[in-house]
Amino acid sequence: MKKNSNSTRRNFLKLGLAAGATALIGGGGKVLSAVSNPDAVSKETGEKVKLLSPDGSLVEVDKGHCHACPATGKEARQGIPNKKMVMVIDLARCRNARKCLEGCQSMHHLPPKIEWIKFFLLRDSKDTSPYWFPKPCFQCNNPPCVKVCPVGATFKRTDGIVLIDNDRCIGCKFCMAACPYSSRVFNWGSPDQEPLPAGKKYSPETSWPQKVGTVGKCDFCPDMVRQGKLPSCVTSCPNGVYFYGDKNEDTVTNGTETVRFSELVQQRSAYRYMEELGTEPGVYYLPPVNRLFDYKVGFQDLKPEEIDLYKKEANLSE
Amino acid sequence: MEYNNKTYKNYEDFKPQLESIGRYGYFFITAMVMIIAWGIYALYTQLSKGQVVTGMRDYVIWGIYDANFIFFIGISYAGALISGILHLLRVEWRHPILRMAETITVVSTMIGPSYIFLSMGRLERVWHILVYGRIQSPIVWDVFAISTYLIGSFIFLYLACVRDLAFMRDHPVGVARWRNRIYKFLSANYQDTPKQRELLNQLIDLISIVIIPLAILVHSVLAWIFGMTLRPGWHSTIFAPYFVLAAIYSGTGVLIIVMFVFRKIYHLESYITKNHFTYLGILLMILGALYGYFTFSEYLTNWYGSVKWDMEVLYRLFDTSTYWWWFFFSAFIGVLLPIILIAMPRLRNIYTIVFAAMIAVTALWVKRYLIIIPTLETPLLPLHDVRPEFAGYSPSWVEWSLTAMGIAIWLLLFFLFSKFLPIVPVVRVNTADERDYFKLRKLAKERILRRMIRKTRKEKNVVAGILVLLFMSAALAGHAQDPLRSRLKLEFLNKSGTRILTGKLTSKKDDQTVPLEGMEVSFFIQGANNKVLLGKASTDEAGKANFTLPDKLDIRRNKEGKYSYSAAYAGSKEYQSSESSAAIMDVFMKITFSQKDSSKLINLFAVEINQKGDSVPIDGSTVIFYVPRTFSLLKIGEQAVKSGHADLDFPVTLPGDSAGNLPVIARFEDNDNYGNAEVNATMAWGKKLPPLVIIKRGLGDTNAPLWMVYTLIVLLSLVWFHFTYAIITIFRINYLGKKALKEKQA
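Cut-offs applied
- Residues numbered from 1 in each chain as written.
- Chains lettered and ligands numbered in written order.
- Predicted model: local features only at pLDDT ≥ 70, side-chain atom pairs only at ≥ 80, totals over all residues.
- Helix = DSSP H or I, 4+ residues; strand = E, 2+ residues; numbered from the N terminus.
- Contact = placed C-beta atoms within 7 Å.
- Rg over C-alpha atoms; globule rule 2.2 N^0.38 Å.
- Pairing = 2+ DSSP bridges.
- Axes fitted to C-alpha atoms, helices over the stretch in contact; angles between N-to-C directions.
- Domains from an automatic or database assignment.
- Parallel < 35°, antiparallel > 145°, perpendicular 65-115°, else oblique.
- Left-handed = near helix turned anticlockwise from the far one by under 90°.
- Nonpolar A, V, L, I, M, F, W, Y, C, P; charged D, E, K, R; others polar.
- Core = buried A, V, L, I, M, F, W, Y, C linked by C-beta atoms within 7 Å.
- Buried ≥ 20, exposed ≤ 12 C-beta atoms within 10 Å, placed from the backbone.
- pLDDT = per-residue confidence, 0-100.
- Expected span 1.5 Å × (residues − 1).

Further remarks concern the overall build of chain A. When its secondary structure is counted, chain A shows nine helices and 13 strands. Here the analysis covers contacts within chain A between residues at least 6 apart in sequence; of these, 62% occur between residues at least 24 apart.

Our next topic: the overall build of chain B. From N to C terminus, chain B includes 18 helices and 16 strands. On C-alpha atoms alone, chain B measures out to a radius of gyration of 41 Å, which is more than a quarter above the 27 Å that the 2.2 N^0.38 rule sets for 746 residues. For chain B, the spread of C-alpha atoms along the principal axes amounts to about 130 × 60 × 60 Å. Contacts spanning at least 24 positions in sequence make up 71% of the contacts within chain B whose residues lie at least 6 apart.

Residues and elements named next belong to chain A. Judged by pairing direction, the sheet is mixed, and its five strands sit side by side in the order S12-S11-S10-S3-S13 without closing on themselves. Of all the strands in the sheet, the pair left with one neighbour each is strand S12 (258-260) and strand S13 (283-286). Each strand axis lies, on average, 25° off the axis of its neighbour in the sheet, ignoring direction. Relative to strand S11 (residues 251-253), strand S10 (residues 242-246) runs antiparallel, the two sharing three bridges. Pairing of Asp-246 across the sheet is with Thr-251, part of S11.

Attention shifts here to the domain arrangement of chain B. You can read the domains of chain B as domain 1 (7-227 + 397-428 + 694-746), domain 2 (231-379), domain 3 (486-585) and domain 4 (587-683). For domain 1 of chain B and domain 4 of chain B, the distance between their C-alpha centroids amounts to 77 Å.

A few words on the packing of helix H7 (residues 138-170) of chain B against helix H18 (residues 706-745) of chain B. All names here are of chain B. For the pair H7 and H18, the least separation of the axes is 11 Å and the interaxial angle reads 20°. By the criterion of interaxial angle, the relationship of H7 to H18 is roughly parallel. Considering the relative orientation of H7 and H18, their crossing is left-handed. Here Phe-144, Thr-148, Ile-151, Gly-152 and Ile-155 of H7 lie close against H18, whose contacting residues are Leu-712, Leu-716, Val-719, Phe-723 and Ala-726. Its residues assigned to classes, the contact of H7 with H18 shows eight nonpolar, two polar and no charged.

So, on to the interface of chain A and chain B. At the interface, 65 residues of chain A touch 61 residues of chain B. A per-class count over the side of chain A that touches chain B returns 35 nonpolar, 17 polar and 13 charged.

Turning next to the sheet that holds strand S5 (residues 531-538) of chain B. Residues and elements named next belong to chain B. Taking strand neighbours across the sheet as the criterion, the four strands line up as S5-S4-S7-S8 in an open arrangement whose pairing is antiparallel. In the strand order of this sheet, the two ends are held by S5 and strand S8 (578-585), each with one partner. On average, each strand axis in the sheet is inclined to that of its neighbour by 20°, with strand direction left out of account. Sheet topology places strand S4 (residues 520-526) next to strand S7 (residues 562-569); five bridges connect them, and they run antiparallel. Residue Val-521 lies in a different strand from S7, and its bridge partner there is Tyr-569.

Looking now at the environment of Asn494(B). Residues and elements named next belong to chain B. Mapped onto the elements, Asn-494 comes out in strand S1 (residues 486-495). With 200 residues separating them in the primary sequence, Asn-494 and Phe-294 have C-alpha atoms 76 Å apart. With sequence-adjacent residues up to four places away left out, Asn-494 is seen in contact with Arg-499, Val-587, Tyr-674, Gly-675, Asn-676, Ala-677 and Glu-678.

This brings us to the packing of helix H13 (residues 324-343) of chain B against helix H14 (residues 350-376) of chain B. All names here are of chain B. Interaxial distance between H13 and H14 falls to 8 Å at its minimum, and their mutual angle equals 155°. Here H13 lies roughly antiparallel to H14, going by the angle between them. Two packed elements cross with a definite hand, and for H13 against H14 that hand is left-handed. Only Thr-352, Ile-353, Phe-355, Ala-356, Ile-359, Ala-360, Ala-363, Leu-364, Val-366, Lys-367 and Leu-370 of H14 make contact with H13, whose side of the interface consists of Trp-326, Phe-327, Phe-329, Ser-330, Ile-333, Gly-334, Leu-337, Pro-338, Leu-341 and Ile-342. Of the residues belonging to the contact of H13 with H14, the class tally is 17 nonpolar, three polar and one charged.

Moving on, we get to the pairing of strand S15 (residues 662-671) of chain B. Residue and element names in this part refer to chain B. Of the pairings in the sheet, the one linking strand S12 (residues 622-628) to S15 comprises three bridges and is antiparallel in character. Opposite Phe-625, over in S15, you have Ala-666 as the bridge partner. Note that S15 and strand S16 (residues 675-683) share eight bridges and pair antiparallel. Counted as the bridge partner of Asn-671 is Gly-675 from S16. Linking S15 back to S16 in an antiparallel pair, the connection comprises three residues.

In terms of nonpolar packing, the biggest core is built from 210 residues, with Val88(A), Tyr242(A), Ile207(B), Leu255(B) and Ile256(B) touching the most fellow members. Other than its neighbours up to four places away in sequence, Tyr242(A) contacts Met87(A), Ile89(A), Cys100(A), Cys233(A), Val234(A), Cys237(A) and Asn254(A). Leu490(B), Leu534(B), Val627(B) and Ile665(B) belong to the second largest nonpolar core, which has 42 residues in total.

Per-residue confidence for chain A gives a mean pLDDT of 81; residues scoring 70 or more make up 78%. At the level of individual helices and strands, chain A shows its lowest average pLDDT in helix H1 (residues 2-36) of chain A, which scores 39, and its highest in S13(A), which scores 97.

Looking at the element boundaries, Gly620(B) is found in the loop between strand S11 (615-617) and S12. Those residues in contact with Gly620(B) that lie beyond four places of it in its chain are Ala640(B) and Val641(B).

Here we come to the pairing of strand S10 (residues 599-609) of chain B. All names here are of chain B. Relative to S10, strand S9 (residues 587-596) is paired through 10 bridges, and the arrangement is antiparallel. For Phe-588, the partnering residue across the bridge sits in S10 and is Val-607. When S10 meets strand S14 (residues 645-649), the two strands line up antiparallel, connected through five bridges. The residue bridging Asn-603 from the neighbouring strand is Asp-647, located in S14. By the bridge criterion, three bridges tie S10 to S11 in an arrangement that is antiparallel. If you follow Ile-609 over to S11, its bridge partner there is Ser-615. In this antiparallel pair of consecutive strands, S10 and S11, the connection spans five residues, and Gly-613 shows a positive phi of 95°.

With glycine set apart, most residues show a phi of negative sign, and most peptide bonds adopt trans. Following Trp208(A), the chain continues to Pro209(A) via a peptide bond in cis, the omega torsion being 5°. Position of Pro209(A) relative to the elements: it lies in the loop between strand S8 (185-186) and strand S9 (215-216). The phi dihedral of Ser269(A) falls on the positive side, at around 50°, and the residue is not glycine. One can find Ser269(A) in the loop between helix H8 (261-267) and S13. Judged by the 10 C-beta atoms lying within 10 Å of it, Ser269(A) falls in the exposed class. The backbone phi angle of Ser643(B) is positive, close to 35°, even though this residue is not glycine.

Let us look at helix H5 (residues 95-118) of chain B. Compared with an ideal rise of 1.5 Å per residue, which puts 24 residues at 34 Å, H5(B) spans 37 Å between its outermost C-alpha atoms and is within 8% of the ideal. Among the 24 residues in H5(B), 19 count as buried, and that is most of the element.

Here chain B averages 87 in pLDDT, and 92% of its residues register 70 or above. The model gives residues 430-480 of chain B a pLDDT under 50, and that stretch makes 31 contacts with residues more than four places away or in other chains.

In structure tokens form, the structure reads like this:
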């Protein structure tokens, strides 16, 4: 009797193992099908990831071909090797179209109430003309937010990106107080967001789903970088305001133009916002000279009270 | 154990308040419990709905919870600093007020931190601080400091209670049995033997000394939470001493109020005299003046420097439409009125002193509000792109309810404690209980510092379940309409000899070009007489269908040496059919690299294949050179091919990988004859990417700088060594008492 019960237990265990293995293979098959999809455009990154093939053997696939690989766990805290992501924003081209925000929201499955890109009408002094100033997270190289986090829920990665692990965040909001650029937003209530599809794991790289009581912000889209794709704000801007790229490749692109990063920032006298704070932002601005649009064009889609607020803060009297 | 007559007389005075709660007492307890119950409902609302029920929003991220937190930690100074200092200075009149002061400390240190928990978005993850805690964060400093402080003030209060506990144990008349058991347990067999007395006095002195720097540190750390940020009004070097001073000021005020209340309800006029009020009032006045000095110094510096953001905060404080009256109350009334009332002998009496204390305490709460809110309302970037409800702050009913709850718990705990032990120490010792202060030196020599071993606990992660509301996204498809036009564009790419046909299928919707996904595109080649089907492929999310041609085609080229390819989309109910074609010549390309003196060159060799299959050098077409990068191709130059050759300088300034490997692509683009044709090659002439230097210790890194770790360990060890010593000595007192009792019986 004793023997019997033992053996059934063992059988049960075996069964469980087998079931687990099948599940693994099934999942692997899914990933592989995404991989084997021929894509002439995707480039090899040289970095290999191990995947389980449908017949149960481990295969190595180049990460550039992998379409379902936002890193999770420890890997997500380290960053994509040999990369250093930067952004250059051309203020001469911005007309407050806010398409970048729409793109960001649709890519991150955010409801309209959660805004990770903000738009300012800055005016440096009363004698100068105001200009539109879109602001993502600056991904500082000396990030004040990361310094103060009590649990390491927000962290700086080797690829220059500052991410939030909202499974770890305790919601103390200290990072929001520390960020001088007000780049962080808090999920005060339920984010009312499309849920993660079944079987997908949360990754700080996708920032999806947002969780009530935790902090969120622009994440520089490392999951897209892993796929060799540009973030949605870059591709959805109608005027090519955003240039994004890898500083280690000395190249940035806005989707249509690809230029040397060093030449762009040097020739166009790029600056980083409030450099004097010592935060060393990873986002550069090109000064609004030879503008494509008058700043008033930016008012066309706004409500009258919003225009009034902008005018008031920018000291515009007319 | 023997007690003197004075002790018995004292005890007679306190007996009534210990033995019954009284009608008013029950009324008071009921009222407090009702407020607390309401607070629990508010807490439930916040925990279930999230902080959306508070008045805090993205700009004003901290509100009155945090003001309350600073306020309660501030008033805890009453016991720690005032009683500590008075005790060490052997001030004679201190005895009747010591216990009140120490109780204020313990109760406030219990209530205060709970407001930090209320201010947290994910209360259930508070254990993350233990598991993932980063020493670099001032919040973690606070966790260490406040928990140590709470334990220290418990020990301090307890030590001062031991004699009274022993007395209560020895005189159990009229008090419930369970209470007698507690007295007996807590009195640690204190028999007032000479050795016990010496140990106890020694301990009280020791903890008085330890608690003073500890209290200063606690409030400094609290100030640093604000001071370490880059915000106007917070990022100030005097913030820590400013907070410490404000804390003693409010602590003294609360002590005066508490003295007054107990004097009234328990009729303690013979214990707490007018002198007590006068002495503490003068202390309050001095502290008020110092506090005013700090305030003036802080705002004068900001105003004189007139940095943009500092000025914006100042404008808010001095603007009558925003905070002027609050500011006026906290910085002018709250400083000047107590000074005037107490400084003038004519005005000075118990009531004015208590009134001054009340003004000071209220002003200091307002001050904490004014520290937090106006600064948060002044971000460095303007408040443009803000929904109106996000810009300002007004506390919601939940926040007010929980504030009331905190005050109610504070009052209730205080009241219950005063029913448990006499609120004024009753035991008066026959012999002088003042030990020589300098005996401590001898003590220090006897002590041997033992190494403290820190145990780190690892706790398993507990996965918290989270509810995410379903977000409706399915849009219903419209009714059947006429099929829309589709557009197919055939592109040809010769990639290092592999020929790929790409059909890009799009349609126009609302004047926007949208890709069609999942559609089948057929690819054909023109044979001698008819079209030959090459194969089929379906479109991806970008609307592209790719088909790779076989290496050899059994089809003859036309006169120009071209193949005619075409692609067709059959159409569906929604989209019309479409097709596209292209005539393309095959090419062969090769990249080599050469170095002449200092110039490094990319050499392209390119030929086209004519009708007969012979190679003919290309002449005149433009070839573009690229370097492939993560997202796109970086153009490095273009050249016209001359008799099959084109050269370009190698982009030696571009970074490659760690070995300098840089791939180069040469490409004919949208060429009339060749379509797209490209070839690539890699050469290690690029700039070498320096290896990544990972800094492991730093403020923003995983591990804290070593000096921080050492400082923390040293500070904590010092304090905890003394606490441990105190606890061990209490056990020793207990042992000595047992021994003494046995000897007596024998």
